Structure formats: structure tokens, C-alpha cells
Amino acid sequence: MITRLLSAALVAGFLASVVATGLQLALTSPLILQAETYEGEGAHAALAPSPDAPFVSLIVPAHAHSHGDGGHDHGKPDEWQPAPGLQRMAFTGLATLVGGVGYALLLAAVMLALRREPTPQSGLVVGVAGFLAVALAPAIGLPPELPGMGAAPLVLRQSWWLMTVIATGLGLYLIAVRRVPLTILGGLVLIVAPHLAGAPQSIDTVSSQVPPAAAAQFAARSLAIGFVFWAVIGLAYGWAWGLFGRTAGARAHA
């Protein structure tokens, strides 16, 4: 069973990462390059997701800058970064692949804990729930950001992201799985609580030069890619689970 689970997760993560990487390069990378011209650091920026990308918007494309306290940290002059062109695209794909497999394993663990038989339909349901908890809910307070946009300190954003993901995930479980009035009420409270507390805000007083329309377009496209990413993970995991099960059954009867 473990071999089947791991194999299905690897297939799902790979397929989702291929789709997401293609969408990133086509839809969000041009916006990142455009924003880098406003920031004035285009020569030193990379298109691969930044270290804080999973904490901001899941595996949707985040800009390549690592935020420091109160501003952007472009790294030391001798710090290595992927070169423009093919190398950037390769590292974007690699980062997305690692994240895709990790999230596919997480989805598999959730389905196992819920004792749900993996199928494309059940995988899609859990995948959409994963998108809601890991991408959409945190994006309400911390939307995906382009280079040149102010941000709160990294530790604060990561802490709020983690709190929001856990609270939203538990809330969805109480509402969709437990399904009694008390747990539904508790689930709603958990989902709303992080947003009532409020996401950490930027302490950078310098106004961003990035056009608001570009920032909004980037956030919308990033979330759309995140939805496709999670949907493909769920569908592919359910399909691969059935495929490996049929393969194992055929070998047993051979």
C-alpha cells in the first residue's frame, strides 16, 4: 500500500508541476519581468519561487525576492542566482516539482486519514479543499506579490500563513466531514479567526512603483494557477491510485 501511495503521489506531483510550470511561464513570468523594471533590479532577479513563496501563495508563482524586515533583500553581490533564460525556467520547474510532490503526499495522507478511497472524483474534492486552505484563504490577507511591493517581515508572514492554513483546514474538516451544527459553527469560527486577527502588514513607508492593475492581475493569475495545480493533483492522484491498483492486480493474477 505504501508503495502504491508513494507512486501515485509522485505521478500526481509530476503532472501538476508540469501543468503549473507551463502556466507560470506563460501567464505570470511576464508580469514579474515587467515589475522588475520598476524595481530596477531585473539583472539580479530570478523567476524561481522565492523562499517564502510556499508561505504566501502555495505553489503559485511568487516573485523571486526574499523580503527582509521592512523591505526587499536582494542578496549579497556574490550570491549565486539562476541566470536569465533557460536556467531560470529550469529552476522554476524544479521548485514547482518539489512542491507538487510534497503537496501530493499531503493530499494522500489526508485521504488516508479520512479513509476515503482515492478516485479522480474524491481526489478532486480534497484537492479543491487543499486549494481553499493553502492558497485562497491565506491570499485574502497576503495576496501573491510582485517584485517592488512592500511586505511585512518574513517570519511574521510565515507564521500567519501557517496559522491560517491549519485553521482553515480544520474548519473545512469540521464543516464538511463532521457535519453537525456545533462543529459547523466551530469550523466557521476557525476559518474566520485568522482574518479577524489580521495578516501582518508592510512596515515599508516607500510607495510601490508597480501599477495596481499589474499587481491585481498577478494575484488573480497566481490564484487561478494554484487552483489548476491542486485540481490536477487531486485528479491525477485518484487516477494513478486506480492505475497502480489495476497493475498490481494484473500481476497477482499473472
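Residues numbered from 1 in each chain as written. Predicted model: local features only at pLDDT ≥ 70, side-chain atom pairs only at ≥ 80, totals over all residues. Heavy atoms only, no water.

The protein carries the name CbtA family protein in an unreviewed UniProt entry, which gives Methylorubrum rhodesianum as its organism.

**Q** Honestly, the overall build of the protein in this entry has me stumped. Any pointers?
**A** Along the backbone of the protein there are seven helices and two strands. Ordered by position from the N terminus, the helices and strands of the protein form the series α-α-β-β-α-α-α-α-α. By the burial criterion, 41% of the 254 residues in the protein qualify as buried. Pairs at least 24 residues apart make up 78% of the contacts formed inside the protein by residues separated by at least 6 positions. Of the roughly 12,500 Å² of accessible surface on the protein, a fraction of 71% belongs to carbon and sulfur atoms. (Helix = DSSP H or I, 4+ residues; strand = E, 2+ residues; numbered from the N terminus. Buried < 20%, exposed > 50% of the residue type's maximum accessible area, 1.4 Å probe, protein only. Contact = heavy atoms within 4.5 Å. Areas by Shrake-Rupley, 256 points an atom, 1.4 Å probe, with all protein chains shown as cover.)

**Q** How should the layout of surface pockets be read in this particular structure?
**A** In this approach a probe as big as a water molecule rolls over the atoms, and the regions it shows empty are the leftover space. Roughly 660 Å³ of internal volume is contained in the largest pocket. Around the largest pocket, the lining is made up of 22 residues, and of these Val-110, Ala-129, Gly-169, Leu-172 and Tyr-173 lie nearest the centre. Contributing elements (two or more residues each) for the lining of the largest pocket: α3 (86-114), α4 (120-141) and α5 (154-178). For the lining of the largest pocket, the leading source of residues is α5, giving eight residues. (1 Å grid on protein atoms, 1.4 Å probe; cavity = no way out; pocket = protein on both sides within 12 Å on 5 of 7 lines; lining within 4 Å. Points joined across faces, edges and corners; volume = space filled by probe spheres on them.)

**Q** Explain the packing of α3 against α4 to me, please; I cannot follow it from the model alone.
**A** A pair of packed helices is captured by two measures, namely the crossing angle of their axes and the spacing between those axes. Relative orientation of the contacting elements α3 and α4 amounts to 115 degrees, with a least axis distance of 10 Å. Crossing handedness for the pair α3 and α4: right-handed. On α4, the residues touching Tyr-103, Leu-107, Val-110 and Met-111 of α3 are Ser-122, Gly-123, Val-126, Gly-127 and Val-134. A class-by-class count of the residues in the contact of α3 with α4 yields six nonpolar, three polar and no charged. (Axes fitted to C-alpha atoms, helices over the stretch in contact; angles between N-to-C directions. Left-handed = near helix turned anticlockwise from the far one by under 90°. Nonpolar A, V, L, I, M, F, W, Y, C, P; charged D, E, K, R; others polar.)

**Q** When you look at the environment of Ala-231 in this model, what are you seeing that I'm missing?
**A** Along the chain, Ala-231 turns up in helix α7 (residues 212-253). The class for Ala-231 is buried, based on a relative accessible area of 11%. Separated by 100 residues in sequence, Ala-231 and Phe-131 have C-alpha atoms that sit 8.1 Å apart.

**Q** Whenever I open this one, the nonpolar core confuses me. Can you help?
**A** Soluble globular proteins tend to pack their nonpolar side chains together in the buried interior. Core analysis: the largest hydrophobic core is formed by 26 residues, its most contacted members being Tyr-103, Leu-107, Val-134, Phe-229, Trp-230, Ile-233 and Tyr-237. When contributions to this core are tallied by element, the ones reaching two or more residues are α1 (2-39), α3, α4, α5 and α7. Broken down by element, the residue count for this core peaks at eight residues, all from α7. Leu-31, Ala-35, Val-210 and Ala-214 belong to the second-largest nonpolar core, a separate cluster that totals nine residues. (Core = buried A, V, L, I, M, F, W, Y, C linked by side-chain atoms within 4.5 Å.)

**Q** Is there a simple way to explain the UniProt feature "transmembrane region" (unreviewed entry) in the protein in this structure?
**A** The UniProt entry lists residues 89-114, 121-140, 160-177, 184-203 and 223-244 under the feature "transmembrane region" (unreviewed entry), expressed in the numbering used here. A distance of 37 Å separates the end C-alpha atoms of residues 89-114, which is 100% helix and 0% strand. Taken end to end, residues 121-140 is 100% helix and 0% strand, and its first and last C-alpha atoms sit 27 Å apart. (UniProt positions renumbered as here; feature names shortened; annotations may be inferred.)

**Q** Explain the packing of aromatic side chains here, please?
**A** On inspection of all chains with the given rule, the structure shows five aromatic pairs. Ring plane angle 90 degrees and centroid distance 6.4 Å describe the contact between Tyr-103 and Phe-229, whose orientation is recorded as edge-to-face. Taken together, the residues span a long stretch of sequence, with Tyr-103 in helix α3 and Phe-229 in helix α7 at a distance of 126 residues. Comparing Tyr-103 with Phe-229, the two get one shared label, buried. Both rings, one in Phe-229 and one in Trp-230, keep their centres 6.3 Å apart while their planes meet at 90 degrees; by these two values the pair is edge-to-face. With respect to burial, Phe-229 and Trp-230 carry one shared label: buried. In this structure an aromatic cluster arises from ring pairing among Tyr-103, Phe-229 and Trp-230. (Phe/Tyr/Trp six-rings, centres within 6.5 Å; stacked < 30°, edge-to-face > 60°.)

**Q** Before we go on, may I ask you to explain the environment of Pro-211 in this structure?
**A** You can see Pro-211 is positioned in the loop between α6 (181-197) and α7. With a relative accessible area of 26%, Pro-211 lands in the partly exposed category. On a C-alpha basis, the gap between Pro-211 and Met-149 in space is 10.0 Å, while along the polypeptide they are 62 residues apart.

**Q** Help me out: how do you make sense of unusual backbone geometry in this one?
**A** Glycine aside, residues mostly have negative phi angles, and peptide bonds mostly take the trans form. With phi around 60 degrees, Arg-115 is a residue other than glycine that occupies positive phi space. When you line up the elements, Arg-115 lands in the loop between α3 and α4. Owing to a relative accessible area of 78%, Arg-115 belongs among the exposed residues under this scheme. Phi angles above zero are rare outside glycine, and Arg-179 is one such case at about 60 degrees. By the secondary structure assignment, Arg-179 is in the loop between α5 and α6. For Arg-179, a relative accessible area of 62% puts it in the exposed group.

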